[in-house]
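Geometric and topological summary
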Amino acid sequence: QLMETRLRGYERAIASAGSRNLRIQKNHAQLMVMVDALELLIPITAHQVDAAKSLLVEMALAREQALRRDHPMVELFWEVVEYLDGSDDDDCDATLNHSRDPGLIAINLNHFAQLAAERKQTIPSLTDLKRVLPASKRHKLIDKNRAVNSAIHARHNANVGVHGRKLPSTVKCWVFERGGQK
């Protein structure tokens, strides 16, 4: 009965603190009701009860914030991409982004791993990256295996001359929509 009488009020309190996720509101409100029940079973002070409930509201907000972030491997991937490419903007001399479209980021993961190794950057395994990159929030994944007319290879091929080794004009890339969360 305690759950029925107090749950909705605690859910509203968590929502008014800034939570928008209904599941988080409900789970943490249930824990707040459990704190109320605990008060009936063992001697705890009103201050301890209030402190526990305040902590649960903070935990709800922290959990919601954590859900909005990318997986740590995805965050590391984008940090290394920015480092290797030199910037996060439409740099015409990009070393990693094969896309000619300024609204897209096209990355060949093998090329990424090669450049990261050359620049002594520690990255997760490509197998692990392939598992977590589809959930990228910072830049939304559009395609895992798109043939891209490479701007990087075009610049290289324009400068190699007659006897230089030309690179293929298309490259298979993971393509992301530029934008999203930072």
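For the structure itself, look to the data block above.
Residues numbered from 1 in each chain as written. Predicted model: local features only at pLDDT ≥ 70, side-chain atom pairs only at ≥ 80, totals over all residues. Heavy atoms only, no water.

**Quick look at the overall build of the protein**
What the protein contains, in helices and strands, is 7 helices and 3 strands. Reading the protein from its N terminus to its C terminus gives the helix and strand order α-α-α-α-β-α-α-β-α-β. Here the C-alpha radius of gyration of the protein, 25 Å, is well above what a compact globule of 182 residues would show, namely 16 Å. Out of the 182 residues belonging to the protein, those deemed buried represent 35%. Looking at the protein as shown, the accessible area adds up to about 11,100 Å², and 54% of this sits on carbon and sulfur atoms. (Helix = DSSP H or I, 4+ residues; strand = E, 2+ residues; numbered from the N terminus. Rg over C-alpha atoms; globule rule 2.2 N^0.38 Å. Buried < 20%, exposed > 50% of the residue type's maximum accessible area, 1.4 Å probe, protein only. Areas by Shrake-Rupley, 256 points an atom, 1.4 Å probe, with all protein chains shown as cover.)

**Observations concerning the pattern of salt bridges**
Applying the stated criterion to the full structure yields 8 salt bridges. One salt bridge in this structure joins Asp-36 and Arg-6, with 3.0 Å as the shortest N-O distance. Of the two residues, Asp-36 is situated in helix α2 (residues 22-41) and Arg-6 in helix α1 (residues 2-16); the sequence distance between them amounts to 30 residues. For Asp-36, the salt bridge identified is with Lys-53, shortest N-O distance 2.5 Å. Of the two residues, Asp-36 sits in helix α2 while Lys-53 sits in helix α3 (residues 46-68), which places them 17 residues apart along the sequence. One connected set of salt bridges, linked through shared partners, spans Arg-6, Asp-36 and Lys-53. (Salt bridge = Lys/Arg side-chain N within 4 Å of Asp/Glu carboxyl O.)

**Observations concerning the sheet that holds strand β3 (residues 170-177)**
Pairing in this open sheet of 3 strands is antiparallel, and the strands run β1-β3-β2 from one edge to the other. Bordering the open sheet on either side are β1 (104-107) and β2 (140-149), each of which pairs with just one other strand. Sheet twist, expressed as the average angle between the axes of neighbouring strands with direction ignored, equals 35°. (Pairing = 2+ DSSP bridges. Axes fitted to C-alpha atoms, helices over the stretch in contact; angles between N-to-C directions.)

**Some words on the packing of aromatic side chains**
Given two aromatic rings, their pairing is described by the distance between the two centres and the angle made by the two planes. Applying the stated criterion to the full structure yields 4 aromatic pairs. Note on Phe-77 and Phe-176: the rings are 6.3 Å apart at their centroids and 45° apart in plane angle, and the pair reads as tilted. Within this pair, whereas Phe-77 is found in helix α4 (residues 72-85), its partner Phe-176 is found in strand β3, the two being separated by 99 residues in sequence. Among the residues examined, Phe-77 registers a relative accessible area of 1% and is labelled buried. Taking 4.9 Å as the distance between ring centres and 80° as the angle between the ring planes, the aromatic pair formed by Trp-78 and Phe-176 counts as edge-to-face. Of the two residues, Trp-78 is situated in helix α4 and Phe-176 in strand β3; the sequence distance between them amounts to 98 residues. Accessibility expressed as a relative area gives 1% for Trp-78, which makes it buried. (Phe/Tyr/Trp six-rings, centres within 6.5 Å; stacked < 30°, edge-to-face > 60°.)

**Observations regarding unusual backbone geometry**
At Lys-120, a residue that is not glycine, the phi angle is positive and equals roughly 60°. Here Lys-120 lies in the loop between α5 (109-118) and α6 (126-132).

**Some remarks on the packing of α4 against α5**
Here α4 crosses α5 at 70°, and the two axes come no closer than 11 Å. Comparing their axes, α5 and α4 come out roughly perpendicular. Residue-level contacts link Phe-77, Val-80, Val-81 and Leu-84 of α4 to Leu-109, Phe-112, Leu-115 and Ala-116 of α5. Here the contact of α4 with α5 is built from residues that sort into 8 nonpolar, no polar and no charged. (Parallel < 35°, antiparallel > 145°, perpendicular 65-115°, else oblique. Contact = heavy atoms within 4.5 Å. Nonpolar A, V, L, I, M, F, W, Y, C, P; charged D, E, K, R; others polar.)

**Quick word on α2**
Along its 20 residues, α2 runs 29 Å from first to last C-alpha, staying within 8% of the 28 Å computed at 1.5 Å per residue. Of the positions making up α2, those classed as buried are Ile-24, Gln-25, His-28, Ala-29, Met-32, Val-33, Val-35 and Asp-36. Angular distribution of buried residues about the axis of α2 spans 165°; they occupy a single face of the element. Projecting away from the buried face of α2 at angles above 90 degrees are the exposed residues Leu-40 and Leu-41. Contacts made by the buried residues of α2 are with α1 and α3. The opening residue of α2 is Asn-21, an N-cap whose side-chain oxygen sits 3.0 Å from the backbone nitrogen of Arg-23. (Expected span 1.5 Å × (residues − 1). Arc of directions from axis to C-beta. Polar contact = N/O pair within 3.5 Å; in protein donor to acceptor, adjacent residues only side chain to side chain.)

**Observations concerning the nonpolar core**
Membership of the largest hydrophobic core comes to 20 residues, with the highest contact counts inside it found for Phe-77, Trp-78, Ile-107, Phe-112 and Leu-133. What Leu-133 contacts, discounting residues up to four positions off in sequence, is Val-74, Phe-77, Leu-109, Leu-141, Trp-174 and Phe-176. (Core = buried A, V, L, I, M, F, W, Y, C linked by side-chain atoms within 4.5 Å.)

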